[in-house]
Amino acid sequence: MSDADSMNTFADDREKLLEQLTGVDSSKLNYYVELKKRSQEVLKQNNRLEILHQLARDINIDMSIADIIDRGYANLPQTLACDFLGLVAMMNSGLVLKAVAPRDFCRIENFPAHSPSLKVIRQKKAEIFNLPPEELDHIRINPPFPGTLRTLAIAPTFKRDEVIGALIVGSVGVNSYDETDISFVQHLADQLAISIQNARLYKQVSRAQKEWEATFKAVTDPIFLIDTDYNVLQHNDRLPPAMSSFWNQALSRKCFAKLHGRTEPCPKCPIQEVRRTGQPVYRRWQTETGLVLDLSYYPVLSDDKQLAAVTIILTDVTEKIKMEGRLVQSAKLAALGEMAAGVAHELNSPMTVIIGTAQLIARELQEGGQPERADELGDIVNSGLRCKRIIQNLLTFSRQDQLPASEIDLNSEALQVLDMIKYQINRSRITITEQLTEEFPRLIANGPQIQQVLTNFLINARDALTEVERSEKTIEVATELRVKSGRRWAVLSVTDNGIGIPPENLAKIFTPFYTSKEATKGTGLGLSVSLGIAESHNGTIEVASTQGQGSCFSLLLPIDQQ
């Protein structure tokens, strides 16, 4: 070995000796041990933050409390000694175990006064408890799980500033937690409390929404929620079948397409008026199928008092309008009845005198050998008797509701009406012809009501003929027997060669108060009331019309009642 090598070896030995004497090697070891310990602590804290973040992200607001505790427990043992996670809540001045994880870990039937959870709730401060088994004997652990819990980390749960319960983290080990752990448990308790409160609020909102939707769907009238751009946002599926054609065929969500089959907003749309005034709007709408609807438009305002949508409620008032029409007609008939009764009372006596005197004079002339003059007085007697018959028919006609259905001769009822009205129609230079089927079967009906239907038919035929320029204006009254759907029907029809009815108006003619006449010539109730009478007899009314050529109205009554 050279001198240089000897010197290097000596230097190395001296350096090692100095390191051993000064403890440099031990300092490095402690440094790396401390560094590793700190790294593990940082990693543990990161894991805990990740658990809190994952908990806030994964918990759904529609989860139950037990589901939330299960989700919180899932990753907790990876960063904290945890054999048990439980949530207790204040209830009636005591504690109740609301949820545990694992779910079948234990049972707690009651909490004693010395319970650690009660202490934490009273102090409103998280705390660690290292307790002997006898202090926790109220916790009944199921056999499949580890032995008695020895260490508890308990943190209070808050609702605003009020303590409503506590979160319990338990371990079977002794001295399992320190101050950093209890801080994490408090953060975990706060996060779970927020999640539970959110879930409760969501359930309340969800329940209120379901109750509102159930109420919305239960309303029998159609309801629509329309935005300011005419889009149908929501409806309750109560649209009448007669209005479903446009609704089902429309490709657009616009209300004017869904309800009216239009490609653009309706003229004078009430939604525009609601937008302009901010007030409810009411309209009456008669559909093409004859329905009469009352429409109510109500504004829906946003938080800043701006129009956000419009609620539309449709009310079918068709039957109500028909009933009103019948009441109006009944009132007219009642007034006519009073007038007829007065006329009959005033005219019967003088007519009786006229007829009696004429008969007496005719008898004297017959006995005096002047039969020719006696026959002349016969015209006076017959005219007087006809006047009394017309008065009696008018009185009977006006008191139709007082008469029950009975067996009637349809031809006879038609002739009685013609006796009353024929002269009035003939004055309009209209010829009435009769085509009455002989030996017609009798049927059960209210005679005066059938007369009212025929009268309405005749008056409408007369009015239709007054609007045309023809050299020959005719009305034909006919009866016939018809077999339809295996049943026999008595048909009373009135045919005219008047102006006819436009095809688009045929569906409307039975709607109450619909009329094509001037205001002074009709109320639009006649055909509506007539249809009501027909339906009350289990019958119907058929209409055949050609515009410019004439119309035929037929009353069909069943002969064989079912």
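Within each chain, residues carry numbers counting from 1 in the order of the written sequence. Note on the predicted model: pLDDT of at least 70 is required for a residue's local features to be given, and 80 or more for side-chain atom pairs to be given and counted; whole-chain, interface and lining totals, by contrast, use all residues. Values shown for side chains rest on all heavy atoms present in the structure; no hydrogens or waters enter the calculation.

Chemist: Teacher, can you tell me more about the overall build of the protein here?
Modeler: Along the protein, the regular secondary structure elements total 13 helices and 19 strands. Exposure was quantified through the Shrake-Rupley algorithm and a 1.4 Å probe, taking into account, for residues, occlusion by the shown protein chains and nothing else. As presented, the protein carries roughly 32400 Å² of accessible surface, and 52% of it is formed by carbon and sulfur atoms. Here a strand is any run of E in DSSP of at least two residues, a helix any run of H or I of at least four, and the numbering for each starts at the N terminus.

Chemist: Quick question: what am I supposed to make of helix 11 (residues 410–426) here?
Modeler: Along an α-helix, a turn takes 3.6 residues, which lines up residues three or four apart on a common side. Between its first and last C-alpha, helix 11 extends 23 Å over 17 residues, near the 24 Å set by a 1.5 Å rise per residue. At Met-420, helix 11 is deflected by roughly 45°, the largest bend along its length. Those residues of helix 11 that fall on the buried side of the exposure criterion are Leu-410, Asn-411, Glu-413, Ala-414, Val-417, Leu-418, Ile-421 and Ile-425. We call two residues in contact when some of their heavy atoms are within 4.5 Å. Those residues of helix 11 hidden inside the fold are in contact with strand 13 (406–408), strand 14 (431–435), strand 15 (443–445), helix 12 (447–466), strand 16 (474–484) and strand 17 (487–496). Contacts described as polar in this section are N or O atom pairs within 3.5 Å, which, within protein, must combine one atom able to donate a hydrogen with one able to accept it, while residues neighboring in sequence count only if both atoms come from side chains. Regarding helix 11, its N-cap is Asp-409, as a side-chain oxygen of that residue lies 3.1 Å from the backbone nitrogen of Asn-411 further along. The length a helix should cover is 1.5 Å for every residue beyond the first. A residue's bend is given by the angle between axes fitted to the 7 residues ending at it and the 7 residues starting at it. Working definition: with a 1.4 Å probe on protein chains only, accessible area under 20% of the residue-type maximum means buried, over 50% means exposed, and in between means partly exposed.

Chemist: Even after reading the chapter, I still don't get the environment of Gly-147, so can you show me in this structure?
Modeler: Relative to the helices and strands, Gly-147 resides in the loop between strand 5 (140–141) and strand 6 (151–159). What makes Gly-147 partly exposed here is its relative accessible area of 46%. Separated by 24 residues in the primary sequence, Gly-147 and Ser-171 have C-alpha atoms spaced 9.6 Å apart. Sequence-distant contacts of Gly-147, defined by excluding residues within four places in its chain, comprise Ile-141 and Val-172.

Chemist: Would you mind showing me how to read the side chain of Ser-530 here?
Modeler: The residue Ser-530 is located in helix 13 (residues 526–536) in this model. On the basis of relative accessibility, which here comes to 0%, the residue Ser-530 falls in the buried class. For Ser-530, the side chain forms a polar contact with the side chain of Asn-456, separated by 2.9 Å.

Chemist: Quick question: what am I supposed to make of the sheet that holds strand 17 here?
Modeler: Neighbouring strands of a sheet are bound in pairs by backbone hydrogen bonds; such pairs are parallel or else antiparallel. Strands qualify as paired when DSSP identifies two bridges or more between them. The strand order across the open sheet formed by 5 strands is 14-16-17-19-18, and the pairing between neighbours is mixed. Each having just a single partner strand, strand 14 and strand 18 (540–546) make up the two edges of the open sheet. Strand-to-strand twist in this sheet, taken as the mean axis angle between neighbours without regard to direction, amounts to 20°. Of the pairings in the sheet, the one linking strand 18 to strand 19 (residues 550–558) comprises 7 bridges and is antiparallel in character. When the bridges of strand 19 are listed, Ala-544 appears paired with Cys-552. What counts as an axis is a line fitted to C-alpha atoms, over the stretch in contact for a helix, and the angles between N-to-C directions run from 0 to 180 degrees. Lying over the sheet, helix 11 contacts strand 14, strand 16 and strand 17, oriented at roughly 170° with respect to strand 14. Running at roughly 30° to strand 17, helix 12 makes contact with strand 16, strand 17, strand 18 and strand 19 of the sheet.

Chemist: I tried to follow the packing of helix 3 (residues 65–74) against helix 5 (residues 179–218) on my own but got confused; where do I start?
Modeler: Between two packed helices, what matters for the description is the angle formed by their axes and the separation of those axes. Where helix 3 meets helix 5, the closest approach of the two axes is 10 Å, and the angle between their N-to-C directions is 150°. On the basis of their axis angle, the class for helix 3 and helix 5 is roughly antiparallel. Seen from above, helix 3 lies across helix 5 with right-handed handedness. Mapping the contact onto sequence places Ile-65, Ile-68 and Ile-69 in helix 3 and Leu-192, Ser-195, Ile-196, Ala-199 and Arg-200 in helix 5. These descriptions rest on fixed angle ranges, namely under 35 degrees for roughly parallel, over 145 for roughly antiparallel, 65 to 115 for roughly perpendicular, and the rest for oblique. Take the far helix as your reference; a near helix turned counterclockwise from it by less than a right angle gives a left-handed crossing, and one turned clockwise gives a right-handed crossing.

Chemist: Would you take a moment to explain the side chain of Thr-479 for this structure?
Modeler: Within the secondary structure layout, Thr-479 lies in strand 16. The exposure class assigned to Thr-479 is buried, which follows from its relative accessible area of 3%.

Chemist: Would you take a moment to explain the pattern of salt bridges for this structure?
Modeler: Here, a salt bridge means any Lys or Arg side-chain nitrogen found within 4 Å of an Asp or Glu carboxyl oxygen. Counted according to the given criterion, the structure contains 13 salt bridges. Across the pair Asp-67 and Arg-103 runs a salt bridge, and its minimum N-O distance is 2.8 Å. In this pair, Asp-67 sits in helix 3 while Arg-103 sits in the loop between strand 2 (94–101) and strand 3 (106–107), placing the two residues 36 residues apart along the sequence. Of the residues examined, Asp-67 reaches a relative accessible area of 31% and is grouped as partly exposed. Under the relative-accessibility criterion, Arg-103 is labelled partly exposed at 48%. Salt-bridge contacts for Arg-283 lead to Glu-273; the nearest nitrogen and oxygen are separated by 2.6 Å. In this pair, Arg-283 sits in strand 10 (residues 281–286) while Glu-273 sits in helix 8 (residues 270–277), placing the two residues 10 residues apart along the sequence. Judged by relative accessible area, Arg-283 falls into the partly exposed class, the value being 35%.

Chemist: Please clarify how the pairing of strand 17 should be interpreted in this entry.
Modeler: In regular strands, side chains alternate between the two faces of the sheet. Most of strand 17 sits out of view: 8 of its 10 residues are buried. Relative to strand 17, strand 16 runs antiparallel, the two being bridged by 10 bridges. Across the sheet, residue Val-483 finds its bridge partner in strand 17, namely Arg-488. Here strand 17 runs beside strand 19; their pairing, made up of 8 bridges, is antiparallel. If you follow Trp-489 over to strand 19, its bridge partner there is Pro-558.

Chemist: Quick question: what am I supposed to make of a negative patch on the surface here?
Modeler: Each patch is built from residues that are more than 30% exposed by relative accessible area and take part in no salt bridge. Like charges join if they lie within 9 Å; nonpolar side chains (Val, Leu, Ile, Met, Phe, Trp, Tyr) join within 5 Å. For the purpose of charge, His is not counted, nor are the chain termini; Lys and Arg are scored as positive and Asp and Glu as negative. Charged groups are reduced to one reference atom each: NZ for lysine, CZ for arginine, CG for aspartic acid, CD for glutamic acid. A grouping of Glu-372, Asp-375, Glu-376 and Asp-379 is seen on the molecular surface, where their side chains present a negatively charged patch. Of the residues examined, Asp-375 reaches a relative accessible area of 55% and is grouped as exposed.

Chemist: Looking at this model, I keep getting lost on the packing of aromatic side chains. Mind explaining?
Modeler: The way to describe two aromatic rings as a pair is by their centre distance and the angle between their planes. Think of it this way: a Phe, Tyr or Trp ring, Trp meaning its six-membered ring, pairs with another when their centres are within 6.5 Å, and the plane angle makes it stacked under 30 degrees, edge-to-face over 60, tilted otherwise. Counted by the stated rule, this structure contains 6 aromatic pairs. Seen in terms of ring centroids, Trp-212 and Phe-216 are 5.1 Å apart; in terms of plane orientation they differ by 15°. Their pairing is stacked. Linking Trp-212 with Phe-216, this pair stays in helix 5, spanning 4 residues, or about one helical turn. For Phe-216, a relative accessible area of 9% gives the class buried. Summarising the aromatic geometry, the rings of Tyr-282 and Tyr-298 are spaced 6.1 Å apart at their centres and angled 85° between planes, so their arrangement reads as edge-to-face.

Chemist: Quick question: what am I supposed to make of a nonpolar patch on the surface here?
Modeler: On the surface, Met-339, Val-343 and Leu-347 cluster together to form a nonpolar patch covering roughly 240 Å² of accessible area. If you trace the backbone, Leu-347 turns up in helix 9 (residues 318–367).

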